[in-house]
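Structural characterization, general
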Amino acid sequence: MEDFRRTYLRLCKEGGVEPQESVLAQLQETRGVAAGSRLDLRGHSLSVDTCAVLGKVLHKDTLFTELALSDCMLTEEGAKLLLNGLCGNTTVKVLDLKGNNLRSTGAEALGKLLVRNKTLCRLVLEWNALGMWEEAFSVFCEGLATNACLTQLDLRNNQINHQGASELCLALKRNSTLQELDVRWNNIGLLGGRSFLEALQQNRTLTHLEMAGNNIPSDTLKALEQAMDHNSDRQSTMRESRSRTQVLSKEIQILKEEKGRQFLSLMETIDKQRDVMDRSTRTTSIHVGQLQEALNERKSVVNSLTAKFQMTEAALAMSEQKNHNLGELLTRVKTEKDEQRERQSRERKKEQEDSALREGKLLREMNSMSETNVQLKNKLEKVESRCKSQQDQIFELKQELTNSTAELKLRLAQAEERLEMEKKRSKQSLEDMGNLRQKEVDHVNRHLEESERALQDRILKLEGQRIQLEEELSRAKAACVTERAQAEEELGKVRVQVRLEEQQRVSGLEEKLRGLRQSRDESQSHCSQQKQTIAELQARSGQQSIETDGLRRRIEELQQELSGKDQEKVAEVSRVRVELQEQMGHLQAERTAQGGLKEKIAALEREMKVLASNHREAILDKESEISSLFEKLRLREAEIQRMREDEAQRASFLQNAILTYVQGSPLHYSPKK
C-alpha cells in the first residue's frame, strides 16, 4: 500500500496535479494491508486529473483485487482515463462503478476494457445511463461477447430499451463465461424478453438472470425462469459428469500407469533374458571354436598314431620279408633246430594270438575313439552347421583313408625294392639291421613317450575345456536331442563304411600274416640268430601294450567323466526347466492380473456409457420440454394477436358506429340575437 501511495504522489508531482485529500486519507487508512485487499473510494468525487493519475497507477499490477468507485461523480473523460489504465491490470477482479452516470464514452471505454482485460470477474454498473446511446452500447456488447473471464454483470437502471436488449442478447449468444446477469429496472419490454428467450436457446452458461421491472409479461418471465432452471440443471449435470469423468480418468490413468509399469518390467526381464542368451551364444560359439581346435588337434594326434602304427606294420613287413629272404640261407640248419622251431612256433602262436588280441583291442579303441570324436564333432557341428559339416568330415576321412592307402602302397613298393636290394646284401646287413632295429626301437620309444606327453597335455586341456563346456553342452543337448536320430543314422552309415574298410584292411593283414607265417615256417632255422631282434620286438610290443592299456584306462576315465557330466547336465536341464516353469507361472499370474484390470476398465467404460446415455436422455427430455414450452408460447402469442385483432375490429366497429351516430344526429342551431 505504501508503494501505491508513493507512486500516486510521484505521478501527481510529475503531472503537476494536486493530490486529493480524500484519496490520500483513504490510502493512509489502507496502509499495511496484505495482498488481495480492497481499494474503497466510494462517495469521493474524483476529478479528471485524479482519474488520469489513478489510471496510470492501476495500469501496473497492484495489491488490490477489488476496486470500489461507486458514487464518485466521474465524468466521461475521467472514466475513460481510469478504464484505459485498468486495461493492462492483471490483479483487479471486482470493479464497482455504481451511480457514476456513465454514458456513450463510458460504454465505449467499458467495451475496450472487456476486450483487453483478462482477469476481471465481476462488474457492477448500477445506476448509469449506458443504454441511452445505441452505438456506444453496441460497442460495450461487442466487448462482452469477446470477453472470456467475466462471470457477474450488474446493469440495473441503465435505461436499456428493447434494441439494447437485442444487442445484449447477441453478445450473450457469443459469450460462454457469463453466469449471472442483472438487468432489472430497465425498459426492455416484450420484444427484449423474446430476444432474451432466443439468446438463451444458444447460451448454456447463464444460470442466474434478474429481469424485474422491465414491463415483460409474466409468461415470458416464467419461460426465462424455466430456461435458467434448465441451464442450472445442465451446469450441475455437467459438473457431476466432469467430476465423474475426472475420477474415472484418474482411475484409468492409474491403471494405464500400472500396465505401463508391468509392461516395462516384462520388457526389462525379456531384455535381460535376451542379453543372457546373447552372452551364452557368444560363449558357446567361443567354446565351440575351442572344441573344434581341440578336436582338430586330437584328429592330428590320431592321424600321427595311425601313421606310427602303419610304420610299425611296414617295419614288421620288412623284417618278415628279410626273414623270408634269409630262410633260403638257413635251410641247412633246419634239421638241427627242430626243437627250437617247435618252441618258437609255440611262442609265435602265442605272440600271434596276443598280437591279434592287441590288434582287436586297438581296433576297438580306435573305433571307440573315432565314435567319441564323431559324437563331439556332431555336437559341435549341430550348433553351427550340423549336417553339412558331418558330410565334409566324412569326405575328409575318406580322403585321408585314400591318402593313407596310397602312402602304404608307395611304402610297400619301396619296401619291395629295398628287399630286392637287401637280398643281395643280406649276409652283410644282418649285423647292421640289428643295430638299426635297436636305433629304430629307441626312436619309436622316444616318439611314443613324446606322443604320450603331448596326449597327456592335450587330455588335460580337453578336460579343462570340457569342464568349461559342460554348462554349454547341457544347453546344447536340449537342442540336439531332436537331431540325434539323423546323426545316429549318418553315424551308422559311416560305421558301416568304416567296418567295410576295416574288414578289407583285416583281410589284407590276414593275408600278410599268412605270408608271414609261411616265411616264419621257412625261417625257423634262422630264428636263433634273430632271437635278439625278436626279444627287442617283444619288448616294444610290451611297451605298446602297456601304452595301449594306459590309453584304454584314460579313455574309460574320460567316458566316466563324460557320463558324470551328462548326469550333471541333465540335472542342470531339469533345474532350468523348473525355473522356466516358475517364470511361466509368474507370467500367467501377471496375465490374470492384467485380465482383471481390463475387466475393471471395461466396467468403468460401461458406467461411463451408461452415465452418458442418462445425460443424453435427460438433455433430450429437457429439450423436449423446452420445445413444448416454445409451442405453448407460440400458441399464446397467436391468441394474444387474435385478441388484439378482435379488439382492433371492435374499436373500428365502435368508431364507425360513433361516426354514423354523429353524422345522423340533428344539427344544433345557435340562438338568434
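What you are looking at is a predicted structure, and each value in this text was computed from that prediction instead of being measured.

We now examine the pattern of salt bridges. Applying the stated criterion to the full structure yields eleven salt bridges. The salt bridge partner of Arg42 is Asp40, with a shortest N-O separation of 2.9 Å. A salt bridge links Arg156 to Asp154, with the shortest nitrogen-to-oxygen separation between them at 2.9 Å. Residue Arg156 shares its accessibility class with Asp154, and that shared class is buried.

Here helix H4 (residues 76-86) crosses helix H5 (residues 104-116) at 5°, and the two axes come no closer than 9 Å. In terms of their interaxial angle, H4 and H5 are classed as roughly parallel. The residues of H5 that touch H4, namely those facing Glu76, Lys80, Leu83 and Leu86, are Ser104, Thr105, Gly106, Ala109, Leu110 and Leu113. A class-by-class count of the residues in the contact of H4 with H5 yields five nonpolar, three polar and two charged.

Another aspect to go through is a positive patch on the surface. On the surface, Arg343, Arg346, Lys349 and Lys350 cluster together into a patch of positive charge. Summarising the element assignment, Arg343 is placed in helix H10 (residues 338-383).

On to helix H6 (residues 134-146). With 13 residues, H6 should cover 18 Å at 1.5 Å per step; its first-to-last C-alpha distance of 18 Å lies within 8% of that length. Taken together, the buried positions of H6 are Ala136, Phe137, Phe140, Cys141, Gly143, Leu144 and Ala145. Those residues of H6 hidden inside the fold are in contact with H5, strand E4 (122-124), strand E5 (152-154) and helix H7 (162-174).

With that settled, the discussion passes to the sheet that holds E4. Pairing is parallel in the open sheet, where seven strands are placed in the order E1-E2-E3-E4-E5-E6-E7. Only two strands of the sheet have a single partner each, and these edge strands are strand E1 (37-40) and strand E7 (208-210). Across this sheet, the average inter-strand angle for adjacent strands is 5°, counted without regard to direction. Looking at chain direction, E1 and strand E2 (residues 64-68) are connected through four bridges and run parallel.

The next thing to look at is a negative patch on the surface. Together, Glu108, Glu134, Glu135 and Glu167 give the surface a local cluster of negative charge. Mapped onto the secondary structure, Glu135 falls in helix H6.

Turning our eyes to something else, we now look at the packing of H5 against H6. Look at H5 against H6: their axes get within 7 Å of each other, and the N-to-C directions meet at 15°. Here H5 lies roughly parallel to H6, going by the angle between them. Relative to H6, the crossing made by H5 is left-handed. In contact with Ser104, Ala107, Glu108, Leu110, Gly111, Leu114 and Val115 of H5, H6 contributes Ala136, Phe137, Val139, Phe140, Gly143, Leu144 and Thr146.

To continue, consider the confidence of the model for the protein. Looking at the protein, pLDDT values average 80 and 86% of them are 70 or higher. Low pLDDT, under 50, characterises residues 666-673; the predicted model gives this stretch zero contacts beyond four residues in sequence or across chains.

The next subject is the environment of Arg475. Among the structural elements, Arg475 can be located in helix H12 (residues 426-480). Separated by 94 residues in the primary sequence, Arg475 and Lys569 have C-alpha atoms spaced 8.0 Å apart.

Now for the state of the cysteines. Considering all chains together, one arrives at zero disulfides under this definition. Here Cys121 is not cross-linked by a disulfide; its sulfur's nearest cysteine counterpart is in Cys149, at 6.1 Å. Residue Cys121 is classed as partly exposed on the basis of its relative accessible area, which comes to 30%. Here Cys169 is not disulfide-linked; the sulfur of Cys141 is the nearest cysteine sulfur, at 8.9 Å. By relative accessible area, Cys169 is classed as buried at 2%.

Attention now moves to the pairing of E2. Bridging between E2 and strand E3 (residues 94-96) involves three bridges; their strand directions are parallel. Directly across from Glu66, in E3, lies its bridge partner Val94. Assessed by its sense of winding, the connection that carries the chain from E2 through H4 to E3 is right-handed.

Relative to the helices and strands, Asn117 resides in the loop between H5 and E4. A polar atom in the side chain of Asn117 sits 2.9 Å from the backbone nitrogen of Leu120. In this view, Asn117 contacts Leu86, Cys87, Asn89, Asn147 and Cys149; residues no more than four positions away in its chain are not counted.

Moving on, we come to unusual backbone geometry. Unusually for a residue other than glycine, Met73 sits at a positive phi of about 55°. Along the chain, Met73 turns up in the loop between E2 and H4. Accessibility expressed as a relative area gives 63% for Met73, which makes it exposed.

A cluster of nonpolar side chains, contributed by Leu654, Ile658, Tyr661 and Val662, occupies part of the molecular surface with about 470 Å² of accessible area. Mapping Leu654 onto the fold places it in helix H14 (residues 531-664). Classification of Leu654 by relative accessible area gives exposed; the value is 55%.

Within the fold, Thr105 resides in helix H5. If sequence neighbours within four positions are ignored, Thr105 has contacts with Glu76 and Lys80.

Calculation notes
- Residues numbered from 1 in each chain as written.
- Predicted model: local features only at pLDDT ≥ 70, side-chain atom pairs only at ≥ 80, totals over all residues.
- Heavy atoms only, no water.
- Salt bridge = Lys/Arg side-chain N within 4 Å of Asp/Glu carboxyl O.
- Buried < 20%, exposed > 50% of the residue type's maximum accessible area, 1.4 Å probe, protein only.
- Axes fitted to C-alpha atoms, helices over the stretch in contact; angles between N-to-C directions.
- Helix = DSSP H or I, 4+ residues; strand = E, 2+ residues; numbered from the N terminus.
- Parallel < 35°, antiparallel > 145°, perpendicular 65-115°, else oblique.
- Contact = heavy atoms within 4.5 Å.
- Nonpolar A, V, L, I, M, F, W, Y, C, P; charged D, E, K, R; others polar.
- Patch = residues over 30% accessible without salt bridge, like charges linked within 9 Å, V, L, I, M, F, W, Y side chains within 5 Å.
- Areas by Shrake-Rupley, 256 points an atom, 1.4 Å probe, with all protein chains shown as cover.
- Lys, Arg positive; Asp, Glu negative; His and termini not counted.
- Charge placed at Lys NZ, Arg CZ, Asp CG, Glu CD.
- Expected span 1.5 Å × (residues − 1).
- Pairing = 2+ DSSP bridges.
- Left-handed = near helix turned anticlockwise from the far one by under 90°.
- pLDDT = per-residue confidence, 0-100.
- Disulfide = S-S within 2.5 Å.
- Right-handed = clockwise from strand over helix to strand, strands pointing away.
- Polar contact = N/O pair within 3.5 Å; in protein donor to acceptor, adjacent residues only side chain to side chain.

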